[in-house]
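# Residue-level structural notes
Next come the chains, spelled out residue by residue.
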Amino acid sequence: MAEITAALVKELRETSGAGMMDCKKALSETGGDLEAAVDWLRKKGLAAAAKKAGRVAAEGLVAVAATGTRAAVVELNAETDFVARNDQFQSLAQGIAQVALGVDGDVDALKAAAFPGSGRTVVDEVTAAIASIGENMNLRRYQALSVSSGIVASYVHTAVKPGLGKIGVLVALESEGDVARLEEVGKQIAMHVAAANPQYLNKDLVDTAALDRERDVLADQARASGKSEDIISKMVDGRLRKFYEEVCLVEQIFVIDGETRISAVIANLAKELGKPVELKGFVRFALGEGVEKQESDFAAEVAAAAGHA
């Protein structure tokens, strides 16, 4: 009998798409034989998701959940927008977002967390939904923000239900000021983030490599004008200010009024409330961003399914 190691369980899980405990049991029942364990799972109806695991899941939903001083956003992918309109899928996304409120760590920590009322982990609940709905799914990412006092505001763009949509945003405001007013302005800033898509909170957080690359490009553009190096330096500095305005949230012009910088919005709010207000951070998830979708020839797929390819 082969030793049932964690690596063997992991391999079976990746091969079959079944849950961890089911994989352990399958290996125990089959003496550690991987192929036999796959067959055991299939016979029990526990590997129904396996054949779907290679299909690209780039549709789905972004879900947010908030409890005042903490909020979380998750992205749950499926293969088609049709499934994203499925009540079971939507409930699953909402449930995972609620679980994420209590999780510290990366997406693997969220996947390993218990899913309420099911006796399964989050990732096993997703696997069960794959088998039930019949499409590949993937809990791609999650992030949470929290403050010691104040609020973490949330906003969902193109919402299909409260807290579910295509773009989810969190904005953390640390303050002892009036919570209702903080929530109001926080949501407005979250709407701004959804529209303007900043990459960084402020200048200090801009990636050094990205800044150096931008500086080199701007310098080469300025040299093409034939100006002297001291003039080129001033030209680059001026253009970098424009770059910061494009990528840094606090440097951007507030889309709500079209004239005030976000940094001034925060300063004005602090003055209004009579309490310091700090914009601690933001998160913006847009559904499917960065996922390479497969282009397919539908006629070829039908021919292949019919055995003619």
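Residues numbered from 1 in each chain as written. Predicted model: local features only at pLDDT ≥ 70, side-chain atom pairs only at ≥ 80, totals over all residues. Heavy atoms only, no water.

An unreviewed UniProt entry annotates the protein as Elongation factor Ts originating from Haematospirillum jordaniae. The UniProt entry for the protein carries this comment under Sequence similarities (unreviewed entry): "Belongs to the EF-Ts family." In its Subcellular location (unreviewed entry) section, UniProt records this for the protein: "Cytoplasm". (UniProt positions renumbered as here; feature names shortened; annotations may be inferred.)

## Some points on the nonpolar core
One finds Val74, Ile96, Leu110 and Met137 to be the most contacted residues of the largest nonpolar core, which totals 30 residues. Not counting residues up to four positions away in its chain, the partners in contact with leucine 110 are Val74, Ile96, Val99, Ala100, Val103, Val122, Leu139 and Tyr142. Core analysis: the next-biggest nonpolar cluster, separate from the first, contains 27 residues, Ile151, Leu201, Leu249 and Val265 among them. (Core = buried A, V, L, I, M, F, W, Y, C linked by side-chain atoms within 4.5 Å. Buried < 20%, exposed > 50% of the residue type's maximum accessible area, 1.4 Å probe, protein only. Contact = heavy atoms within 4.5 Å.)

## A few points about the environment of lysine 161
With respect to the helices and strands, lysine 161 occurs in the loop between strand E6 (150-157) and strand E7 (164-165). Measuring from C-alpha to C-alpha, the distance between lysine 161 and alanine 63 comes to 9.6 Å, with 98 residues separating the pair along the chain. In contact with lysine 161, not counting residues within four places along its chain, are Asp87 and Gln90. At 3.1 Å, the side chain of lysine 161 and the side chain of glutamine 90 are in polar contact. (Helix = DSSP H or I, 4+ residues; strand = E, 2+ residues; numbered from the N terminus. Polar contact = N/O pair within 3.5 Å; in protein donor to acceptor, adjacent residues only side chain to side chain.)

## Points about helix H2 (residues 20-29)
Along H2, the positions that sit buried rather than exposed are Cys23, Ala26 and Leu27. Down the axis, H2 shows its buried residues gathered within 95° of arc, on one side only. Projecting away from the buried face of H2 at angles above 90 degrees are the exposed residues Met21 and Glu29. A positive phi of about 65° marks glycine 31, the residue just after H2. (Arc of directions from axis to C-beta.)

## Details of the pairing of strand E1 (residues 59-66)
For E1, the buried fraction is high: six of the eight residues fall into the buried class. As paired strands, E1 and strand E2 (residues 70-78) are joined by eight bridges and run antiparallel to one another. Residue pairing in the sheet places alanine 66 in a bridge with alanine 71 of E2. Counted along the chain from E1 to the antiparallel partner E2, the turn is three residues long, and its residue glycine 68 has a positive phi close to 85°. In this structure, E1 lies alongside E7, joined through two bridges in antiparallel fashion. In the sheet register, alanine 63 faces E7, and the bridge partner there is leucine 164. (Pairing = 2+ DSSP bridges.)

## A short note on the pairing of strand E9 (residues 277-286)
Of all 10 residues that make up E9, eight are buried, and the element is covered over most of its length. Examined bridge by bridge, strand E8 (residues 167-175) and E9 share nine bridges and lie antiparallel to one another. Within E9, the position partnered with leucine 173 by the bridge is leucine 279.

## Remarks on the side chain of glutamate 174
Note that glutamate 174 resides in strand E8. Of the side chains bearing the opposite charge, lysine 280 lies closest to the buried glutamate 174, which forms no salt bridge; the N-O distance is 4.7 Å. A polar side-chain atom of glutamate 174 sits 2.5 Å from a polar atom in the side chain of serine 148. Engagement of the side chain of glutamate 174 in a polar contact is seen with the backbone nitrogen of serine 149, the distance being 2.9 Å. (Lys, Arg positive; Asp, Glu negative; His and termini not counted. Salt bridge = Lys/Arg side-chain N within 4 Å of Asp/Glu carboxyl O.)

## Things to note about the pattern of salt bridges
In this structure the tally under the stated criterion is 12 salt bridges. With its nearest N and O atoms 3.2 Å apart, the salt bridge here joins glutamate 75 to arginine 140. Of the two residues, glutamate 75 is situated in strand E2 and arginine 140 in strand E5 (residues 137-146); the sequence distance between them amounts to 65 residues. With its nearest N and O atoms 3.0 Å apart, the salt bridge here joins glutamate 125 to arginine 120. For glutamate 125, a relative accessible area of 15% gives the class buried. Classification of arginine 120 as partly exposed rests on a relative accessible area of 37%. A single network of salt bridges, built from pairs that share partners, joins Glu75, Arg140, Arg141 and Glu289.

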